Amino acid sequence: MSRIRVAQVATGNAGMLTLRQLIADDRFELVAVSTSSPDKVGKDAGELAGVEAVTGVHAVGDLDALIATKPDAVVYCAMGDTRPVEATKDVIKLLEAGIDVVGSAPGTLQFPWGTMADKVIDKVEAAAQAGGASVYITGVDPGFASDLIPLALASTCQRIEQITCYELADYATYDGAEVMFDLMGFGAPVDSTPMLFLPGVLGLAWGTAIRMMGTALGIEVDEIVEFWEAEPAPETYEIAAGTIKEGTIAALHFSISGMVDGHPAIVVEHVTRTRDDLRPDWARPSSGGGAYRIEITGEPSYVVDVVPSSEHGDHNHAAIVAACGRIVNAIPDVVAAAPGIRTTLELPLPTGRGTFVAPAKV
């Protein structure tokens, strides 16, 4: 079977890890890498991925140069949280060029109906049909922790009253400063409103997962209700992303509830700390520094903690690896799919096919 020609867009926290798998995975032939960082242009993909392999593929600085290599698919991991319009335009450009897109952004394309403006959806669909290409956006949460796993459990239930998907994590070791400070507001005054908590933003970010689960369950979400609260730092201290000053935001608790007839039927809830001792009354992972918890109230009911770990880092690193694995392993199915916006509800049940490696003999 011929290998799929794949290009990589962006080499940040996620892009570096998807690039690492693309280099090592025999299912794919890496043909291009693009970056928005001038200091990375010209560097070998192996160096950017942090591996010893010399690939002969050198990073370019613009999307047109990447498109010129004529990949079958692009893994798109550029920042979308703070630049959703630009990310959407990039995806449209790739689709129009006949290139399938699998990636982490823009998040609204995970399940845009009811969340993204119809005219934008129409533009993406038109580009996909014109290029004969498809796009699939996923990750951890929103991603498999708030669609694939809860829906797998839901398939065993005779009755469901509520599904709640939690992310419970200590972010002290997460070094994504743009996400931590600009988006989530850590280190900001407790009486300020970070970008993530401006009215409608939570619903925009996680409404995709909630509406997807609603569609899978055969229910219609009437409205999205947002809630958030912050805890100040008791003193000044350092985390991987920077400084948390005394009195500024140090822990967050927020939720997004999909309401059906006044009842919170599908809920996504996050508890994000930058120190383990903050707000012990908020929900905590069952073990380790982070977990994705699925609670189903019904018959039967479930409480399931998924605790990621990695031989190369802690729970935060493991969660990013998981998101990247989900993205890269979806490429063959997305390439085989019909043109258009594809979702977890339409793609074949993932199996991790092609990823098994026998452990080394001692």
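Cut-offs and rules
Residues numbered from 1 in each chain as written. Predicted model: local features only at pLDDT ≥ 70, side-chain atom pairs only at ≥ 80, totals over all residues. Heavy atoms only, no water. Pairing = 2+ DSSP bridges. Helix = DSSP H or I, 4+ residues; strand = E, 2+ residues; numbered from the N terminus. Axes fitted to C-alpha atoms, helices over the stretch in contact; angles between N-to-C directions. Parallel < 35°, antiparallel > 145°, perpendicular 65-115°, else oblique. Left-handed = near helix turned anticlockwise from the far one by under 90°. Contact = heavy atoms within 4.5 Å. Nonpolar A, V, L, I, M, F, W, Y, C, P; charged D, E, K, R; others polar. Core = buried A, V, L, I, M, F, W, Y, C linked by side-chain atoms within 4.5 Å. Buried < 20%, exposed > 50% of the residue type's maximum accessible area, 1.4 Å probe, protein only. Patch = residues over 30% accessible without salt bridge, like charges linked within 9 Å, V, L, I, M, F, W, Y side chains within 5 Å. Areas by Shrake-Rupley, 256 points an atom, 1.4 Å probe, with all protein chains shown as cover. Salt bridge = Lys/Arg side-chain N within 4 Å of Asp/Glu carboxyl O. Lys, Arg positive; Asp, Glu negative; His and termini not counted. Charge placed at Lys NZ, Arg CZ, Asp CG, Glu CD. Right-handed = clockwise from strand over helix to strand, strands pointing away. Expected span 1.5 Å × (residues − 1). Arc of directions from axis to C-beta.

S.K.: Pulling in residues and values, what's your account of the sheet that holds strand β2 (residues 28–34)?
M.R.: Read across the sheet, 6 strands follow the order β2-β1-β3-β4-β5-β14 without closing on themselves; strand pairing throughout is parallel. Taken across any chain shown, the strands that pair with only one partner, and hence form the sheet edges, are β2 and β14 (340–341). As judged from the 3 bridges shared by strand β4 (residues 100–103) and strand β5 (residues 134–137), these two strands associate in the parallel manner. Within β5, the residue paired with Val102 across the bridge is Tyr136.

S.K.: Hey, could you go over the packing of helix α1 (residues 13–24) against helix α9 (residues 315–329) for me, with residue numbers and the actual values?
M.R.: Running from N to C, α1 and α9 cross one another at 55 degrees; their axes reach a closest spacing of 9 Å. What the angle tells us is that α1 and α9 run oblique. Our pair here, α1 against α9, has a crossing hand that is right-handed. Each of Asn13, Ala14, Leu17, Thr18, Gln21 and Leu22 in α1 lies in contact with α9, whose residues at this interface are His317, Ile320, Val321, Cys324, Gly325, Val328 and Asn329. Looking at the contact of α1 with α9, its residues break down into 7 nonpolar, 6 polar and no charged.

S.K.: Before we move on, could you go through the sheet that holds strand β10 (residues 249–260) and cite the residues and values that matter?
M.R.: Pairing within the open sheet is mixed, and its 6 strands lie in the order β7-β10-β11-β6-β12-β13. Of all strands in the sheet, those bounded by a partner on one side alone are β7 (223–232) and β13 (302–306). This sheet shows a mean twist of 15 degrees between the axes of neighbouring strands, independent of strand direction. For β7 and β10, the ladder comprises 10 bridges, and the chain directions are antiparallel. Its bridge partner lying in β10, Ile224 is registered against Gly258. Lying over the sheet, helix α8 (residues 201–217) contacts β6 (159–170), β7, β10 and β11 (263–273), oriented at roughly 40 degrees with respect to β10.

S.K.: Account for the nonpolar core, with residues named and values stated.
M.R.: The nonpolar side chains of soluble globular proteins are, as a tendency, buried together. One finds Met184, Leu196 and Phe254 to be the most contacted residues of the largest nonpolar core, which totals 46 residues. Of the residues forming this core, the biggest block, 7 residues, is contributed by β10. Ranked by size, the runner-up nonpolar core spans 29 residues in total, among them Ile92, Leu109, Ala127 and Ala133.

S.K.: Can you tell me about a negative patch on the surface, naming the residues and giving the values?
M.R.: Residues Glu220, Asp222, Glu223 and Asp261 make up a contiguous surface patch of negative charge. Tracing the chain through its elements places Glu220 in the loop between α8 and β7. Given a relative accessible area of 64%, Glu220 falls into the exposed group.

S.K.: Before we move on, can you summarise the pairing of strand β1 (residues 4–9) with the specific residues and values?
M.R.: Where burial is concerned, most of β1 is hidden: 5 out of the 6 residues are buried. Two elements, β1 and β2, share 6 bridges in a ladder whose sense is parallel. Residue pairing across strands places Gln8 opposite Val33, the latter belonging to β2. You can see the chain leave β1, run along α1 and come back into β2, and the turn it takes is right-handed.

S.K.: Tell me about helix α5 (residues 118–131), and name the residues and values.
M.R.: An ideal rise of 1.5 Å per residue puts 20 Å on 14 residues; α5 measures up with 20 Å between its terminal C-alpha atoms. Of the residues making up α5, those classed as buried are Ile121, Val124, Ala127 and Ala128. What you see down the axis of α5 is that its buried residues fit within an arc of 130 degrees, all on one side. Along α5, exposed side chains directed more than 90 degrees from the buried face belong to Asp118, Lys119, Asp122, Lys123 and Ala130. On the buried face of α5, the contacting elements are α4 (84–96), β5 and β14. Of the residues one or two after α5, Gly132 is the one with positive phi, at around 65 degrees.

S.K.: Can you explain the packing of α4 against α5? Please cite residues and give values.
M.R.: Between α4 and α5, the least distance of the axes is 7 Å, while the angle of their chain directions is 25 degrees. By the angle between their directions, the pair α4 and α5 is classed as roughly parallel. Each of Thr88, Ile92, Leu95 and Glu96 in α4 lies in contact with α5, whose residues at this interface are Val120, Lys123, Val124, Ala127, Ala128 and Gly131.

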